[in-house]
Number of protein chains: 2
Amino acid sequence: MGRTAGRSPEQTRAAILDAAGRLVRERGVSASLDDVARRAGVSKGGLLYHFANKHDLHLALAADWLESFRTAVLAAIPPDDDAPGRLTRGYVRVSVDGALDATASRDALVVIAHLSSVDAVVDLARADARRWNEDLRADGLPEDVLALVVAAADGASAQPAWGGEPTPDELTRLREQLLALTILGD
Amino acid sequence: MGRTAGRSPEQTRAAILDAAGRLVRERGVSASLDDVARRAGVSKGGLLYHFANKHDLHLALAADWLESFRTAVLAAIPPDDDAPGRLTRGYVRVSVDGALDATASRDALVVIAHLSSVDAVVDLARADARRWNEDLRADGLPEDVLALVVAAADGASAQPAWGGEPTPDELTRLREQLLALTILGD
DNA sequence: GTCTATAACAAGATAGAC
DNA sequence: GTCTATCTTGTTATAGAC
């Protein structure tokens, strides 16, 4: 048995996806399989057992990011929030705080932008965007408020992509501002 | 003389940057020099005369995009607009319409996101973002309005990056909404 | 289930012809 | 100023040992 004796296949897979995510964010899709494998603590051969080829790895990575973003949004809705706009509020919290945190499902946009060079990922992202569109529309907010708030949330999480360095303070204020917009209704 | 007899060096350079921009947007920085050269109608050797190496090409591309975005924003300010928020309004017009148009300085964020795998580009983008930050702060709008409007504009131009397909109608409404926010003052 | 070794290929960069 | 080789390196992916 190799040097990863104590790790289950699922854990190995997760470690590979994690390493790939960080490397893609740093270097884009041209990050080599060898580098990904090394950072995940497996050999290239080991990596290619779990993901048949680079294309598969990228696709799985995109699916993983999109799914974990969705999960994070749902988790960011307080159980007692039953008012219209609850999903939007979760979306805002995760997007804006994501520009702040240095972990978890942050920077989704940067990674997706990089992965968008892979055709199959574009299709996946498009389908996911449509689903968000539907879900958010059904969230009970006036159309204009929704469009404004979602665009601003997206913008906040996009800023690190092109050099923006919003301070925690600015992000906090933006988040509260956006949340307030969803509560007054109009 | 080669097959590009009628083209000046400046035009060749511009053609290369244009081709590189489109290819980077489609495939990321892993688009090969050979492909860029072919699309620009020059040979790889010809390309490497104008840009010493791939790194230089990417840096020049980023500088070009950032500059043409700035130019577009300034051009989008009507000469008779003298009220506070004029720069912000230009920023909004270019960012939101950029998500709509299929030409010019659109999709800046996608390209910058891709290029962000190049360290020198990150520095450049950061310096540019700081400059925008200063300029926009000096634009005379209340801080909260500014943060909200700029984030939303960024978000609009970011959406195509990860699968979002805003309709022209939605974008137009968002743009008018944002412009209105900058006029009422608070 | 993971590793090493290697085949097969693609890409960046250089040198020199035109 | 641009093009055609060519060198060299790095990468994907396979085959097979452990």
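Residues numbered from 1 in each chain as written. Chains lettered and ligands numbered in written order. Predicted model: local features only at pLDDT ≥ 70, side-chain atom pairs only at ≥ 80, totals over all residues. Heavy atoms only, no water.

- As recorded in an unreviewed UniProt entry, chain A goes by the name TetR/AcrR family transcriptional regulator, listed as coming from Promicromonospora kroppenstedtii.

## Here we look at the packing of helix H1 (residues 9–27) of chain B against helix H6 (residues 108–115) of chain B
Residue and element names in this part refer to chain B.
Step number 1: Across the interface, H1 lies against H6 with an axial gap of 9 Å and an inter-helix angle of 80 degrees. As judged from the angle between their axes, H1 and H6 are roughly perpendicular. Contacts from Gly 21, Val 24 and Arg 25 of H1 reach H6 at Val 110, Val 111, His 114 and Leu 115. (Axes fitted to C-alpha atoms, helices over the stretch in contact; angles between N-to-C directions. Helix = DSSP H or I, 4+ residues; strand = E, 2+ residues; numbered from the N terminus. Parallel < 35°, antiparallel > 145°, perpendicular 65-115°, else oblique. Contact = heavy atoms within 4.5 Å.)

## A few points about the nonpolar core
Step number 1: Grouped together as the largest cluster of nonpolar side chains are 72 residues, with contacts concentrated most on A:Tyr91, A:Leu178, B:Tyr91 and B:Leu178.
Step number 2: Apart from residues no more than four positions distant in its own chain, B:Leu178 is found in contact with A:Leu148, B:Val92, B:Val96, B:Val149, B:Ala152 and B:Ala153. (Core = buried A, V, L, I, M, F, W, Y, C linked by side-chain atoms within 4.5 Å. Buried < 20%, exposed > 50% of the residue type's maximum accessible area, 1.4 Å probe, protein only.)

## A few points about the relation of the copies chain B and chain A
Step number 1: With an axial shift of 0.1 Å and an RMSD of 0.1 Å, the rotation relating chain B to chain A amounts to 180 degrees. On this basis, the relationship between the two copies can be described by a two-fold rotation axis.
Step number 2: Interface residue correspondence from chain B to chain A reaches 100%, placing this contact among same-surface, isologous pairings. (Least-squares fit on C-alpha atoms with pLDDT ≥ 70 in both.)

## Considerations on the protein's contact with DNA strand C
Step number 1: Taken together, 16 residues form the shell around DNA strand C, and within it A:Ser43, A:His50, B:Leu33, B:Lys44 and B:Lys54 come nearest.
Step number 2: Close to the protein, within 4 Å, the atoms of DNA strand C are drawn from sugar and phosphate at a rate of 61%.
Step number 3: Interatomic distance of 3.0 Å between a side-chain N/O atom of A:Thr12 and a phosphate oxygen of DNA strand C.
Step number 4: Within the side chain of A:His50, an N or O atom sits 2.4 Å from a phosphate oxygen of DNA strand C.
Step number 5: Listing elements by their share of the surface near DNA strand C, those giving two or more residues are helix H1 (9–27) and helix H3 (44–50) of chain A together with helix H3 (44–50) of chain B.
Step number 6: No other element matches the four residues that H3(A) contributes to the surface near DNA strand C.
Step number 7: Looking at the surface near DNA strand C residue by residue, the classes come out as five nonpolar, eight polar and three charged. (Near = heavy atom within 4 Å. Polar contact = N/O pair within 3.5 Å; in protein donor to acceptor, adjacent residues only side chain to side chain. Nonpolar A, V, L, I, M, F, W, Y, C, P; charged D, E, K, R; others polar.)

## Some points on the interface of chain B and chain A
Step number 1: Taken together, the 40 residues of chain B in the interface contact 40 residues of chain A.
Step number 2: Together, the buried faces of chain B and chain A total about 3200 Å²; carbon and sulfur atoms form 57% of this surface.
Step number 3: Broken down residue by residue, the surface that chain B buries against chain A is led by B:Leu148, B:Trp162 and B:Gln177, which jointly contribute 20%.
Step number 4: Where chain B packs against chain A, one counts ten salt bridges.
Step number 5: Note that A:Arg173 is salt-bridged to B:Glu143, the shortest N-O span being 2.8 Å. (Buried area = accessible area lost by both parts, 1.4 Å probe. Salt bridge = Lys/Arg side-chain N within 4 Å of Asp/Glu carboxyl O.)

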